[in-house]
Amino acid sequence: MDDIERGACGVRENRGGEYFTLVHSRPCTVHLDPIEKKPFFHVLPGTEALSLATPGCNLECRFCQNWEIAQARPEQVRSIPLAPADVVAAARRHKAPAIACTYTEPVVWSEYVYDIAAESKKAGIRTVMVSNGYIEAEPLADLCKVLGAVKIDLKAYTDGFYKNQCRGELKPVLETLRRLRKHGMWTEIVVLVIPTLNDGEQEARALARFVRDDLGRDVPVHFTRFHPSYRLMNLPATPVATLERAVQAAQAEGLRFVYVGNVPGHPSENTWCPGCRTMIVRRIGLSVLENRITRGRCSYCSLEIPGIWA
Ligand SMILES: [Zn+2]
């Protein structure tokens, strides 16, 4: 049959002019992770998220950390039959207040994401999505009706990086971020800083200005450390000083919650109150050691801290 063709993601098949998903209710991995691992720092700190993925991605990042499943086709990995109701039941069983669609690209399994999120919402469990933001307006609008929060990997702030390192484009991702804001979706941004490719101070500044002007200065931005992986084994890990420079640049542009990631014990893992400058959430790595946010406010000065706290 000539008409059976798959999209670049490898998980959708054209059968006589109609597209079918091959991965609904068939995750290849399910784990219980701290929500800090996603990372979300302003969503239910210190709790666990039942985290799952099916194979598939719509980008081809040369630094992908999960390429064994993200770049695999469904028949190349083992999957577990798990209907949306089963996912919610598992989250309940583990007392996880959140379900995270993560590891690969949830956009390519968005029907499954939607069904999980709709089911979990009824049960009072939040489904969150960790995505590259490469999604059209309409499916995004649908997802926003049921999701609890979204983390977007903003891979760089140049089109060249997207083109050469990811086989993608920057513009659709920025558009998704603007749409998330319009939908009122709680969003955090992660930038994996890779030596020589997207580590310039000017780039961090430009990115921060975009966040400030188009999304708002309360959107948390995490600058995380790269470790050599997949097709970028030739590059070194990101120097901590480079991450610190990015954090300072973003703060100088007015962002209020800027974090360093993948450097356990770094002071910029903590949340500092923008009002009284006190540390209000103390973290080391993926652990929350102290949380001084009470009913969404700083316990010291009562300033409202943006995020989802309960
Ligand atoms: Zn305060």
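Further up the page is the structure itself.
Every residue gets a number counted from 1 within its own chain, in the order that chain's sequence is written. Two thresholds apply to this predicted model, a pLDDT of at least 70 for residue-level local features and 80 or more for giving and counting side-chain atom pairs, whereas whole-chain, interface and lining totals are computed over all residues. Based on all heavy atoms of the structure, the side-chain values leave hydrogens and waters out of the count.

Caption draft 1: View of the packing of aromatic side chains. Ring pairs are drawn from Phe, Tyr and Trp, using the six-membered ring of Trp, whenever the two centres fall within 6.5 Å, and their geometry is named by plane angle: stacked under 30 degrees, edge-to-face over 60, tilted for the rest. Inspection of every chain in the model, using the stated rule, returns five aromatic pairs. Ring centres 4.8 Å apart and planes at 75 degrees place the aromatic pair F41 and Y259 in the edge-to-face group. One end of the pair, F41, is in the loop between β4 (29–34) and β5 (48–53); the other, Y259, is in strand β11 (residues 258–261), with 218 residues separating them in the sequence. Judged by its relative accessible area of 1%, Y259 is buried. On the basis of an interplanar angle of 15 degrees and a centroid distance of 4.9 Å, the ring pair of W67 and Y230 is categorised as stacked. Residue W67 is located in helix α1 (residues 67–70), and its partner Y230 is located in the loop between β10 (221–225) and α8 (240–252); the two are separated by 163 residues in the primary sequence. With relative accessibility at 34%, the residue W67 sits in the partly exposed group. The residue whose ring lies beneath R15 is F20, and the NZ or CZ to ring-centre distance is 5.1 Å. Over the face of the ring belonging to F41 we find R283, whose NZ or CZ atom lies 3.9 Å from the ring centre. The numbering of helices and of strands both runs from the N terminus, where a helix is a DSSP run of H or I of at least 4 residues and a strand a run of E of at least 2. Residue burial is assigned from relative accessible area. The probe radius is 1.4 Å, only protein chains are included, and a residue is buried under 20% of its type maximum, exposed over 50%, and partly exposed in between. Cation placement over rings: the criterion is NZ of Lys or CZ of Arg within 6 Å of the ring centroid and within 35° of the ring normal.

Caption draft 2: Region of the structure containing empty space enclosed by the protein. Whether a set of points on the 1 Å grid over the protein atoms alone is a cavity depends on a 1.4 Å probe fitting there but being unable to get out, while an open set qualifies as a pocket with protein on both sides within 12 Å along at least five of seven lines; lining residues are those with an atom within 4 Å of a point. Grid points are joined across faces, edges and corners, and a volume is the space filled by probe spheres set on the points. Taken as a whole and judged by the stated rule, the model has one cavity of 30 Å³ or more. Its boundaries defined by the atoms lining it, the largest cavity holds a volume of some 70 Å³. Lining the largest cavity are V191, V193, N198, D199, G200, E203, A204, L207, F223, T242 and A246. Secondary-structure elements contributing two or more residues to the lining of the largest cavity are β9 (187–193), α7 (201–215) and α8. Of the residues forming the lining of the largest cavity, the biggest block, three residues, is contributed by α7.

Caption draft 3: Looking closely at the environment of R78. Position of R78 relative to the elements: it lies in the loop between α1 and α2 (84–93). Using a relative accessible area of 76% as the deciding quantity, one classes R78 as exposed. Any pair of residues with heavy atoms lying within 4.5 Å of one another is described as a contacting pair. Not counting the four nearest positions on each side in its chain, R78 is found in contact with P27 and C28.

From the geometry alone we can't say anything about function, so treat these as descriptive.
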